[in-house]
Amino acid sequence: MTACSRTVRVGSSHGLHARPAKLFAQAAKGAGIPVTIAKDSGKAVNAASILAVIALGIDFGDHVVITADGENAETVLDELTELLTTDHDEAA
């Protein structure tokens, strides 16, 4: 199995605060494989942990690196990329 990474620009106008972070962490947890997220070139954290994701302090327009390791990693990254690039604050 190989790990796949992707750099994504965050689309939520208020960044990864509680609601978008929760959606992202739940999707990462539901992937069934290890997923990490890092802000710019910072330390990667467990993407399934809402507290770890919020602690990164990710704002609108920030670049993050998401990595998935395991079967269907590319598909998992596609789904998580979609979540990160969508403005979840627009519909609020």
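These notes cover the structure that comes with them. This structure is a prediction, so every number in the text was calculated from the model and none was measured.

Moving on to helix α1 (residues 18–30). Over its 13 residues, α1 extends 18 Å from the first C-alpha to the last, a length consistent with the 18 Å expected when each residue adds 1.5 Å. Among all positions of α1, only P20, A21, F24, A25 and A28 are buried. Along the long axis of α1, the arc covered by the buried residues comes to 130°, so they all point the same way. In α1, the exposed residues that point more than 90 degrees away from the buried face are K29 and G30. Looking at the buried side of α1, the elements it contacts are β2 (35–39), α2 (50–55), β4 (63–69) and α3 (73–85). G32 sits one or two residues past α1 and shows a positive phi near 80°.

Ranked by internal contacts, the top residues of the largest apolar core, which has 24 residues, are F24, V35, I37 and I66. Elements represented by at least two residues in this core include exactly β1 (3–9), α1, β2, α2, β4 and α3. Element by element, the count of residues in this core is highest for α3, at five residues. For I37, the residues in contact, after removing those within four places along its chain, are L16, F24, K43, A44, V45, A47, V53, L56, I58, V64, V65 and I66.

Turning our eyes to something else, we now look at the sheet that holds β1. Strands sit in the order β1-β4-β2-β3 across an open sheet of four strands; the sheet is antiparallel. At either margin of the open sheet sits one strand with a lone partner, and together these are β1 and β3 (45–46). Examined bridge by bridge, β1 and β4 share seven bridges and lie antiparallel to one another. In the sheet register, C4 faces β4, and the bridge partner there is A68. Sheet strands in contact with α3 are β1, β2 and β4, and its direction is about 15° off that of β1.

Definitions and cut-offs
Residues numbered from 1 in each chain as written. Predicted model: local features only at pLDDT ≥ 70, side-chain atom pairs only at ≥ 80, totals over all residues. Heavy atoms only, no water. Helix = DSSP H or I, 4+ residues; strand = E, 2+ residues; numbered from the N terminus. Expected span 1.5 Å × (residues − 1). Buried < 20%, exposed > 50% of the residue type's maximum accessible area, 1.4 Å probe, protein only. Arc of directions from axis to C-beta. Contact = heavy atoms within 4.5 Å. Core = buried A, V, L, I, M, F, W, Y, C linked by side-chain atoms within 4.5 Å. Pairing = 2+ DSSP bridges. Axes fitted to C-alpha atoms, helices over the stretch in contact; angles between N-to-C directions.

So, to be careful, I would describe these as geometric facts and stop short of saying anything about function.
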